[in-house]
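Chain by chain, the residues:
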Amino acid sequence: MSDDPKTLVSTDWLAQHLKDPDLRILDASWYMPAMNRDAKAEYDAAHIPGARFFDIDEISDHRSELPHMAPPIEKFMSRMRDMGVGDGHQVVVYDGMGLFSAARVWWLFKLMGQDEIAVLDGGLPKWIAEGRAVEDLPPIVRDRHMTVRRRAQLVRDVTQVSASSKLRDTEIADARSPGRFSGEEPEPREGVRSGHIPGSRNVHYRDLLNGDDTMKAPAALKAAFEAAGVDLQKPVITTCGSGVTAAILSLALERIGKTDHSLYDGSWSEWGQFSTLPVATGPADS
């Protein structure tokens with residue numbers, strides 16, 4: 001793969017830059033409840049040297065009843081200062097699944113106006129499989145200021161998505177599994193209907209990954225979107241269950257050079273709970 005410190009870097013790249021004074025590594029592992037994994041406990045036991053733990057649920061907007069919505073600017077700045085992540089740093093974010101939740105933090109940094117951030121391709125599993133070093137020590141943290149400029153164009157709310165669904169002027173790409181998209185599988189969250197946003201296309205995030213959970217090459221990513229019926233000439237809104245795997249689609253779009261994409265932060269957790277919003281079932285409509 002071609003390393004790009006603004007989107008995706010290899011384990012080789014990270015190993016070469018591990019001692020760089022301005023490198024900051026974040027462990028953004030997050031798991032669905034059914035996975036029965038404790039992200040923080042796993043981080044405490046073993047993480048890439050120098051990595052700080054980024055808690056997706058804690059660094060979120062607690063005023064919202066929806067899961068891990070993007071935090072207010074002030075909260076994000078405060079947490080990053082506490083973690084010693086700030087201006088002039090190159091950030092690399094990884095997770096314990098390979099490529100699952102790390103892209104969410106990549107998107108969040110982009111939303112906050114930060115460009116020097118990349119996801120580690122293949123994540124911690126690939127790093128460990130290659131016999132590279134891990135440690136259980138907490139990092140030494142020094143405060144660092146971060147200048148934040150929120151890019152509102154990177155996020156969409158339910159009203160905007162509803163308008164796009166009606167007008168069909170923007171493509172909506174749903175990262176959930178085909179069974180959840182079609183409504184054949186029940187939703188993991190209580191009180192949430194099954195199905196998808198009318199007019200959306202199903203680009204299951206797994207279709208963008210290789211068997212080792214590294215991201216496919218740009219040509220294959222483009223082909224996956226096109227095979228799902230996504231018109232890449234239009235802007236794209238990414239969505240999923242709660243805004244985590246949608247960010248994998250956002251990262252893939254960035255990898256193929258498409259910059260007019262945004263993420264529906266409330267995703268299906270929000271859309272699926274409101275009886276006033278229309279729900280489609282079955283495969284994507286034409």
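Residues numbered from 1 in each chain as written. Predicted model: local features only at pLDDT ≥ 70, side-chain atom pairs only at ≥ 80, totals over all residues. Heavy atoms only, no water.

> If you had to explain the pattern of salt bridges to someone new, which residues and values would you point to?
Pairing is possible between side chains that carry opposite charge, provided their charged atoms lie close to one another. In total, this model carries 19 salt bridges according to the counting rule given. Two residues, Glu187 and Arg176, come together in a salt bridge whose shortest N-O distance is 2.8 Å. Here Glu187 is found in the loop between helix 7 (178-182) and strand 8 (201-202), whereas its partner Arg176 is found in the loop between strand 7 (171-174) and helix 7, with 11 residues between them in sequence. Neither residue differs from the other here; Glu187 and Arg176 are each classed as buried. Taken together, the shared-partner salt bridges in this structure form one network comprising Asp12, Lys126, Glu130 and Arg132. (Salt bridge = Lys/Arg side-chain N within 4 Å of Asp/Glu carboxyl O. Helix = DSSP H or I, 4+ residues; strand = E, 2+ residues; numbered from the N terminus. Buried < 20%, exposed > 50% of the residue type's maximum accessible area, 1.4 Å probe, protein only.)

> Go over the packing of aromatic side chains with me, naming the residues and quoting the values.
Within this structure, the stated rule accounts for five aromatic pairs. Here the aromatic rings of Trp30 and Phe100 are separated by 6.2 Å at their centres, their planes lie at 15°, and the arrangement is stacked. Of this pair, Trp30 sits in the loop between strand 2 (23-27) and helix 2 (39-45) while Phe100 sits in the loop between strand 4 (90-94) and helix 4 (102-111), and the two are 70 residues apart along the sequence. Exposure remark for Phe100: the relative accessible area of 5% places this residue in the buried category. For the ring pair Phe54 and Phe109, a centre distance of 6.5 Å and an interplane angle of 50° mean the geometry is tilted. Of this pair, Phe54 sits in the loop between strand 3 (52-53) and helix 3 (73-83) while Phe109 sits in helix 4, and the two are 55 residues apart along the sequence. Each member of the pair Phe54 and Phe109 is classed as buried. The rings of Trp30, Phe100 and Tyr205 are connected pair by pair, giving a single aromatic cluster. Residue placement shows Arg132 over the ring face of Trp127; its charged tip is 5.5 Å from the ring centre. Positioned above the aromatic ring of Trp268 is the side chain of Arg176, whose terminal nitrogen or guanidinium carbon lies 4.7 Å from the ring centre. (Phe/Tyr/Trp six-rings, centres within 6.5 Å; stacked < 30°, edge-to-face > 60°. Lys NZ or Arg CZ within 6 Å of the ring centre and 35° of its normal.)

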